[in-house]
Amino acid sequence: MARKLMTAVQYSSYGGPDGLQHVEVPVPTPNKDEVLLKIEAVSLNPVDWKVQKGALRPFLPPKFPHIPVADVVGDVIEVGSRIKNFKAGDKVVAMVNPIVLIKEPMGMLSPLLELAWYKLGEEFSIVCLSGKESLRLDMAPLELQASSDPVYNGVNFDRTAEGEQVMISLASTIVVGVVAKNGGGLAEFAVTKGSLTVARPPELSADKFVGLPVAGLTAYHAITQSAGIKLDGSGTKSNILITAASGGVGHYAVQLAKLGNAHVTATCGARNIEFVKGLGADEVIDYKTPDGAALRSPSGKKYDTVIHCAAGIPWSTFEPNLSSNGKVIDITPGLGALLTFALQKLTFSKKLLVPLILIPKDENLRYLVNLVKEGKLKTVIDSKYPMDKVKDAWAKISDGHATGKIIVEN
Ligand SMILES: NC(=O)c1ccc[n+]([C@@H]2O[C@H](COP(=O)([O-])OP(=O)(O)OC[C@H]3O[C@@H](n4cnc5c(N)ncnc54)[C@H](OP(=O)(O)O)[C@@H]3O)[C@@H](O)[C@H]2O)c1
């Protein structure tokens, strides 16, 4: 039976905000492990415009036209046959099109040479691969059928799902991305994996939760897993630097680090210094001043961990500011960062630059939702746009000057 039509925003080629088109497309159908949501609001992330610019070509977007955006909040409309924990009417927050880590970083330099691209179903191709990993890659399509295998982070892969695609990239980490045939969140309706959909308190407004999937989970991952901070404050007190603390990831990271009783130094622009202090940072430096550019702590602290949410800062700037075993968690790792990481591994360096790729997990999203419910974590809204002004929202996130999160509402 033909599905009803819905309004959506998509793009049909690489480009910028002008490439976004308002269209009518069929309402997507949830697979057995998916949930159909009526979207109330979405939040934008830099990755959304970077994918449209072609920064991740040829992997993402998987094909044109593409409906972008991962962070959604909405109401459950319909559930797949395997979904037992949601019913129509439930209010949820979810991530569409998750990128899921299935293996920890591999050894030394070899990963930098390896890259593979899988499309399950009709098409199947390998762009390039090398060494013994090819054995693993040949096995991958079969392994992916074992959807209960814990290495897949609980995301169910359904090889028979028409149009569903999987990317495997071997560049210091192996990443599997599931790109649902039904597209992303910038639409009236979207389907999400049940395993990355979390109930939210119906009495609280959607905008309190909409930034959590990408930015909140990245901050959580960096603070808890990478920096080793215990959010109940029971661990040893550590000195943390958070760069771009005024942005989507940074503003969550400051709050989480303070819950974990860390001493937080933060960088941001002059206009946001009071804002970042208000989030709890102990000392805040303007990144455009000489001390800010040098990342020098005003109180002379050496950092145990840097949660690096800005870009374009060389290792030579970080190195003198780190404690003897200090590490920099780089959430926007480019080739230079990967080379630094590989070189430091080869030389057994104590100070490390560690690339981070988000591993989205529903249990972590649930944890963040609870923090918001308890009033311990807040989402700061930079701006809200209605769907018919989505190009303005897209231009704003592309500028890189958001304070908190940019939201588009249906
Ligand atoms: N690895 C992953 O899985 C992952 C996940 C999420 C995000 N990311 C990446 O992480 C980065 C940050 O994401 P986001 O959502 O936080 O971005 P965002 O919200 O767009 O960040 C904007 C903020 O960064 C500030 N800023 C820019 N350059 C700065 C600098 N050199 N020093 C201090 N502050 C600076 C801006 O301040 P002014 O306006 O004052 O300049 C603005 O307030 C992006 O590159 C994103 O793609 C990676």
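See the structure above.
Parameters and conventions
- Residues numbered from 1 in each chain as written.
- Predicted model: local features only at pLDDT ≥ 70, side-chain atom pairs only at ≥ 80, totals over all residues.
- Heavy atoms only, no water.
- Axes fitted to C-alpha atoms, helices over the stretch in contact; angles between N-to-C directions.
- Helix = DSSP H or I, 4+ residues; strand = E, 2+ residues; numbered from the N terminus.
- Parallel < 35°, antiparallel > 145°, perpendicular 65-115°, else oblique.
- Contact = heavy atoms within 4.5 Å.
- Nonpolar A, V, L, I, M, F, W, Y, C, P; charged D, E, K, R; others polar.
- Buried < 20%, exposed > 50% of the residue type's maximum accessible area, 1.4 Å probe, protein only.
- Polar contact = N/O pair within 3.5 Å; in protein donor to acceptor, adjacent residues only side chain to side chain.
- Phe/Tyr/Trp six-rings, centres within 6.5 Å; stacked < 30°, edge-to-face > 60°.
- Core = buried A, V, L, I, M, F, W, Y, C linked by side-chain atoms within 4.5 Å.
- Domains from an automatic or database assignment.
- Expected span 1.5 Å × (residues − 1).
- Arc of directions from axis to C-beta.
- Salt bridge = Lys/Arg side-chain N within 4 Å of Asp/Glu carboxyl O.

Before we go on, may I ask you to explain the packing of helix H3 (residues 212–226) against helix H9 (residues 362–373) in this structure?
Packed helices, taken two at a time, are described by the angle between their axes plus the distance between the axes. Two numbers describe how H3 lies on H9: the axes approach to 10 Å, and their chain directions differ by 100°. Considered as vectors, H3 and H9 are oriented roughly perpendicular to each other. In this structure, H3 contributes Leu212, Pro213, Gly216, Leu217, Tyr220 and Gln225 to the contact, and H9 contributes Asn364, Leu365, Tyr367, Leu368, Val369 and Val372. Looking at the contact of H3 with H9 residue by residue, the class counts come to nine nonpolar, three polar and no charged.

Is there a simple way to explain the side chain of Asn321 in this structure?
Tracing the chain through its elements places Asn321 in the loop between helix H7 (315–318) and strand E15 (322–330). What makes Asn321 buried here is its relative accessible area of 8%. Within the local environment of Asn321, its side chain forms a polar contact with the backbone oxygen of Thr317, the two atoms lying 2.9 Å apart. If we skip the residues at most four places from it in the chain, Asn321 touches Ala294, Leu295, Arg296, Lys301, Lys302 and Tyr303.

So what exactly am I meant to see when it comes to the packing of aromatic side chains here?
The description of an aromatic ring pair rests on the distance of the ring centres and on the angle between the ring planes. All told, the structure shown has three aromatic pairs when counted by the stated rule. Look at Tyr14 and Phe64: their rings are 5.1 Å apart centre to centre, the planes differ by 85°, and that puts the pair in the edge-to-face class. Linking Tyr14 in the loop between strand E1 (5–10) and strand E2 (21–26) with Phe64 in the loop between helix H1 (46–53) and strand E4 (71–79), this pair joins segments that are 50 residues apart in sequence. Residue Tyr14 is classed as partly exposed on the basis of its relative accessible area, which comes to 28%. Residue classification places Phe64 among the partly exposed residues on the basis of a relative accessible area of 34%. Among the aromatic residues, those joined into a ring-pair cluster are Tyr11, Tyr14 and Phe64.

What exactly am I supposed to notice about the nonpolar core here?
Grouped burial of nonpolar side chains is what soluble globular proteins tend to show. Among the nonpolar cores identified, the biggest contains 53 residues, and Leu212, Ile242, Leu256 and Ile307 are the most heavily contacted of them. Of all the secondary structure elements, the ones that give two or more residues to this core are strand E5 (91–95), H3, strand E11 (239–243), helix H4 (248–259), strand E12 (263–268), helix H5 (273–279) and H9. Counting contributing residues, this core receives three or more from each of domain 1 (5–97 + 181–213 + 380–409) and domain 3 (216–357). In contact with Leu256, other than residues within four places in its own chain, are Gly216, Ala219, Tyr220, Ile223, Leu231, Leu368, Leu371 and Leu377. In terms of nonpolar packing, the next biggest core, distinct from the first, is built from 38 residues, Leu20, Leu44, Val191 and Ala393 among them.

Help me understand H4, please; the structure alone is not making it clear to me.
Because an α-helix completes one turn every 3.6 residues, residues spaced three or four positions apart along the sequence face the same direction. Between its first and last C-alpha, H4 extends 18 Å over twelve residues, near the 16 Å set by a 1.5 Å rise per residue. H4 sits mainly inside the fold: ten of its twelve residues count as buried. Buried residues along H4 sit against H3, E11, E12, H5, H9 and strand E18 (405–409). Of the residues trailing H4, Asn261 is marked for its positive phi of about 65°.

What's the story with helix H8 (residues 335–346) in this structure? I'm lost.
Its twelve residues place the ends of H8 16 Å apart at the C-alpha level, agreeing with the 16 Å of an ideal helix rising 1.5 Å per residue. For H8, the set of buried residues is Ala337, Leu338, Phe341, Ala342 and Gln344. The arc that holds every buried residue of H8, seen down its axis, measures 165°, which confines them to one face. The exposed set on the far side of H8, more than 90 degrees from its buried face, consists of Leu335 and Leu343. In the core, the buried residues of H8 are packed alongside H7, E15 and strand E16 (352–355). Within two residues after H8, Phe348 carries a phi angle of roughly 55°, on the positive side.

Explain the pattern of salt bridges here, please?
Going through the model one piece at a time under the given rule, you end up with 14 salt bridges. The salt bridge involving Arg296 is made with Asp291; its shortest N-O contact spans 3.0 Å. Overall, the relative accessible area of 44% leaves Arg296 in the partly exposed class. On the basis of relative accessibility, which here comes to 40%, the residue Asp291 falls in the partly exposed class. Close ionic contact of Lys384 with Glu409 constitutes a salt bridge, the shortest N to O distance being 3.8 Å. Of this pair, Lys384 sits in strand E17 (residues 381–386) while Glu409 sits in strand E18, and the two are 25 residues apart along the sequence. Overall, the relative accessible area of 41% leaves Lys384 in the partly exposed class.

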